[in-house]
Amino acid sequence: MRIVQLRAQNFRLFETLSLQTHCRLNFIFGANAAGKTSLLEALYTLGRGKSFRGSTPGELAGVAGRHWLVFGRVEAADTEPRHRVGVRWQDGVGQVRVDGQAARNLDLLRLLPVQVLEPGMHRMLQEGPSYRRSFLDWGVFHVEPSFLPTWSRYRRALRQRNQALRQNASDRELAVWEPELAEAGERLDALRRTHLADIGPTVQDHVRVLLDEGEWNFELLSGWGQGLALREALLRQRTADRRLGTTQAGPHRAELRVRAGGHGIRHRISRGQQKLLIAALLLAQCTVIGRSAGRYPVLLVDDFGAELAERYQATLLAALVRYPGQVFVTAFERSGVLATVADAALFHVERGVLRPDS
Ligand SMILES: Nc1ncnc2c1ncn2[C@@H]1O[C@H](COP(=O)(O)OP(=O)(O)O)[C@@H](O)[C@H]1O
Ligand SMILES: [Mg+2]
């Protein structure tokens with residue numbers, strides 16, 4: 001997909017914001033606090049209905065009051081119909097519209113896949129497994145239509161079993177929820193495995209190019225005892241689960257384990273390596289989504305050069321240039337490797353004012 005137009009009102013420091021682009025590659029330059037990240041947040045909001053900085057909708061509202069609007073036109077290709085997407089927030093109430101009709105966040109997610117590579121993403125490698133599960137699940141969601149209904153079934157059964165555990169329910173009562181939980185859980189696990197296997201070779205290609213050394217491994221741990229059927233694992237866990245009042249086995253406990261040269265990577269790899277590794281994961285996943293769903297996600301890359309020596313900036317840029325989907329990149333200025341790309345649309349942002357850059 002690509003975003004051909006973005007408009008925003010009272011969004012962070014932008015009183016109004018208007019951007020038109022037909023280019024695949026878009027560079028946005030600006031000094032500190034000019035509004036680069038905020039611009040990417042507005043683009044992200046078109047596809048996700050929320051910020052990637054963990055801000056509440058209220059925090060996105062600018063000085064004109066408790067409201068904001070982000071509007072965009074998006075298309076899959078020149079020959080395909082354009083869609084109008086709007087996300088509005090006012091006094092605590094959010095509203096999504098697609099082609100003039102009231103819609104849900106889910107409709108945005110489906111229509112405009114958008115992914116971001118930004119400094120805060122190091123959480124994906126440094127913090128708990130939920131960040132890595134989200135990474136994986138976002139991809140599964142886009143390539144596998146049965147993911148969402150399976151996930152809903154799983155969540156419902158999980159909620160019921162947890163409630164039963166907290167009420168100290170009998171084995172018979174627990175046994176009511178466990179078959180459904182186990183069945184949906186194993187399906188989720190299988191979907192994640194398939195996706196990881198699908199992106200694996202492309203991840204390794206990107207890792208080789210971007211990180212150019214070492215051996216990196218990605219392994220999915222299901223979230224319950226290896227080799228056990230989930231139903232059996234739930235059965236064995238009952239006593240411990242009753243004590244804690246929560247289900248401790250299942251794909252909600254899965255982990256995507258990342259290892260380098262046989263070691264865990266937390267606190268071991270540099271910020272630059274983290275950034276490149278995350279770039280490899282995201283680029284590979286977006287490429288696979290594009291190939292299989294026919295729509296390449298829009299990639300947002302904030303603070304392009306941060307943490308990277310020039311050599312690595314060059315390989316990352318080359319990978320972004322090769323990526324078939326639309327890309328928005330922010331940086332302080334058009335210097336170094338960014339100056340070498342001829343066919344990009346250039347923009348300049350200064351204290352909440354965006355202009356095409358000649
Ligand atoms: N809700 C808001 N309303 C008005 N200004 C905001 C809001 N949120 C952030 N800002 C201002 O926007 C500026 C930061 O914009 P940002 O997009 O992070 O800049 P950059 O990424 O170019 O460094 C800061 O000066 C900050 O005070
Ligand atoms: Mg920024």
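A quick note: this is a predicted structure, and the numbers were derived from the prediction, not measured.

## Thoughts on unusual backbone geometry
- At Asp99, a position not held by glycine, the phi torsion is positive, near 50°.
- For Asp99, the position within the fold is in the loop between β6 (93-98) and β7 (101-103).
- Accessibility expressed as a relative area gives 30% for Asp99, which makes it partly exposed.
- We note that Asn168 has phi near 55°; this positive angle belongs to a residue other than glycine.
- Within the secondary structure layout, Asn168 lies in the loop between α6 (147-166) and α7 (171-211).

## A look at the domain arrangement of the chain
- Examined at the domain level, the chain breaks down into domain 1 (1-113 + 295-358) and domain 2 (127-293).
- Listed as interface residues are 24 residues of domain 1 and, on the opposing side, 19 residues of domain 2.
- Taken together, both faces of the contact between domain 1 and domain 2 bury some 1,800 Å²; the carbon and sulfur share is 68%.
- Between Asp212 and Arg311 there is a salt bridge; the shortest N-O distance is 2.7 Å.
- For the interface between domain 1 and domain 2, the tally reads seven residue pairs in polar contact (both at pLDDT 80 or more).
- Those elements that place two or more of their residues in the side of domain 1 that touches domain 2 are α3 (105-111) and α10 (310-322).
- Among the elements that make up the side of domain 1 that touches domain 2, the one with the highest residue count is α10 (seven residues).
- A breakdown of the residues in the side of domain 1 that touches domain 2 according to their chemical character gives 14 nonpolar, two polar and eight charged.

## Considering the sheet that holds strand β14 (residues 345-350)
- Strand order in the open sheet formed by six strands is β8-β12-β13-β3-β14-β15, with mixed pairing between adjacent strands. Edge positions in the open sheet fall to β8 (114-117) and β15 (353-356), since each of these has one partner strand only. Pairs of neighbouring strands in the sheet enclose a mean axial angle of 20°, with direction left out of account.
- Where β14 meets β15, four bridges bridge the pair, whose relative direction is antiparallel. Note that in β15 the partner of His348 across the bridge is Arg355.
- Together, β8 and β12 (298-301) form the strand contacts of helix α9 (residues 271-293), whose direction differs from that of β8 by roughly 165°.

## Quick look at the sheet that holds strand β5 (residues 83-90)
- In space, the six strands of this open sheet follow the order β2-β1-β4-β5-β6-β7, with antiparallel pairing throughout. One side of each edge strand has no neighbouring strand; the edge strands of this open sheet are β2 (14-20) and β7. Pairs of neighbouring strands in the sheet enclose a mean axial angle of 20°, with direction left out of account.
- Where strand β1 (residues 2-11) lies against β2, six bridges are found, and the strand directions are antiparallel. If you follow Phe11 over to β2, its bridge partner there is Phe14.
- Sheet strands touched by helix α1 (residues 36-48): β1, β2, β4 (67-75) and β5. Its angle to β1, the strand with the most contacts, is close to 115°.

## Structural notes on the packing of α7 against α9
- Where α7 meets α9, the closest approach of the two axes is 8 Å, and the angle between their N-to-C directions is 135°. By the angle between their axes, α7 is oblique relative to α9. Of the two elements, α7 crosses α9, and the hand of that crossing is right-handed. Across from His195, Asp198, Ile199, Thr202, Val203, His206, Val207, Leu210 and Leu211 in α7, the residues of α9 making contact are Gln273, Leu276, Leu277, Ala279, Ala280, Leu281, Leu283, Ala284, Gln285, Thr287, Val288 and Arg291.
- For the contact of α7 with α9, the per-class residue count stands at 13 nonpolar, six polar and two charged.

## Some thoughts on the site of ligand 1
- Around ligand 1 there are 15 residues in total, and Ala33, Lys36, Thr37, Ser38 and Ala61 lie nearest to it.
- Arg12 places a polar side-chain atom, nitrogen or oxygen, 3.3 Å from a nitrogen atom of ligand 1.
- With respect to ligand 1, the backbone of Ala33 contributes an N or O atom lying 2.7 Å from an oxygen atom.
- Compared with its free state, where it exposes 580 Å², ligand 1 has 67% of that area covered by protein.
- Here the element with the most residues in the shell around ligand 1 is α1; it accounts for three residues.

The rules we used
Residues numbered from 1 in each chain as written. Chains lettered and ligands numbered in written order. Predicted model: local features only at pLDDT ≥ 70, side-chain atom pairs only at ≥ 80, totals over all residues. Heavy atoms only, no water. Helix = DSSP H or I, 4+ residues; strand = E, 2+ residues; numbered from the N terminus. Buried < 20%, exposed > 50% of the residue type's maximum accessible area, 1.4 Å probe, protein only. Domains from an automatic or database assignment. Contact = heavy atoms within 4.5 Å. Buried area = accessible area lost by both parts, 1.4 Å probe. Salt bridge = Lys/Arg side-chain N within 4 Å of Asp/Glu carboxyl O. Polar contact = N/O pair within 3.5 Å; in protein donor to acceptor, adjacent residues only side chain to side chain. Nonpolar A, V, L, I, M, F, W, Y, C, P; charged D, E, K, R; others polar. Pairing = 2+ DSSP bridges. Axes fitted to C-alpha atoms, helices over the stretch in contact; angles between N-to-C directions. Parallel < 35°, antiparallel > 145°, perpendicular 65-115°, else oblique. Left-handed = near helix turned anticlockwise from the far one by under 90°. Near = heavy atom within 4 Å. Areas by Shrake-Rupley, 256 points an atom, 1.4 Å probe, with all protein chains shown as cover.

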